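# Structural features, examined
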Amino acid sequence: MAMFGALATSSSGLHVYRTWMDAISDNIANISDVSPTSGPAFRERFVVAQAGGNGLGDGARVAGVQFGSGTGRLVYEPGNPQADANGLVKYPDVDLGSQMTQLLMAQRGYEANLAVVDRARDAYLQALSIGK
């Protein structure tokens, strides 16, 4: 099974980067959610990744998901149905610029792992064609 180690390693990387992109897309999708000041705002998701197994060629895995504080930022919108007596509502404190930067990094990592899968597949096909 060691022959297919490159596929297993890049497959684990694909899973980590896909999970990261899912969390980022969820954060971006909820960036305009309004909450009343009495409750928490949307809580940003962060993916925690770590080396898989003993860390020597075992790829990576998602160790968990952490959530932001949910404190949010107060905005004066007296016409909003969720506004309190002072006209304040709560929006998530998700920074769109930071999320887009993280999305680019996750996308590039995903693409790099896909390139490894393509190269490994080509190498395995070449090895199979040697016997013909």
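Check the entry above for the structure.
So, about the environment of valine 116. For valine 116, the location among the structural elements is in helix α2 (residues 96–130). Each C-alpha atom of the pair valine 116 and glycine 70 lies 38 Å from the other, and the pair is 46 residues apart in sequence. When sequence neighbours within four positions are dropped, the list of residues in contact with valine 116 reads Ala6 and Ser10.

Bringing the pattern of salt bridges into the picture now. For the coordinates displayed, the defined rule picks out three salt bridges. Taking the shortest distance from any N to any O, the salt bridge between arginine 45 and aspartate 26 comes out at 3.6 Å. Of the two residues, arginine 45 sits in strand β1 (residues 45–51) while aspartate 26 sits in helix α1 (residues 5–29), which places them 19 residues apart along the sequence. The exposure class of arginine 45 is partly exposed, given its relative accessible area of 26%. Using a relative accessible area of 26% as the deciding quantity, one classes aspartate 26 as partly exposed. Two residues, arginine 121 and aspartate 118, come together in a salt bridge whose shortest N-O distance is 3.5 Å. One end of the pair, arginine 121, and the other, aspartate 118, are both in helix α2, three residues apart, so they sit about a helical turn from each other. Each member of the salt-bridge network shares a partner with another, and the members are Asp118, Arg121 and Asp122.

A word on the side chain of asparagine 80. Position of asparagine 80 among the secondary structure elements: in the loop between β3 (73–76) and β4 (88–91). For asparagine 80, the side chain forms a polar contact with the side chain of glutamate 77, separated by 2.9 Å. Setting aside residues no more than four positions away along its own chain, asparagine 80 makes contact with Val34 and Val89.

Cut-offs applied
Residues numbered from 1 in each chain as written. Predicted model: local features only at pLDDT ≥ 70, side-chain atom pairs only at ≥ 80, totals over all residues. Heavy atoms only, no water. Helix = DSSP H or I, 4+ residues; strand = E, 2+ residues; numbered from the N terminus. Contact = heavy atoms within 4.5 Å. Salt bridge = Lys/Arg side-chain N within 4 Å of Asp/Glu carboxyl O. Buried < 20%, exposed > 50% of the residue type's maximum accessible area, 1.4 Å probe, protein only. Polar contact = N/O pair within 3.5 Å; in protein donor to acceptor, adjacent residues only side chain to side chain.

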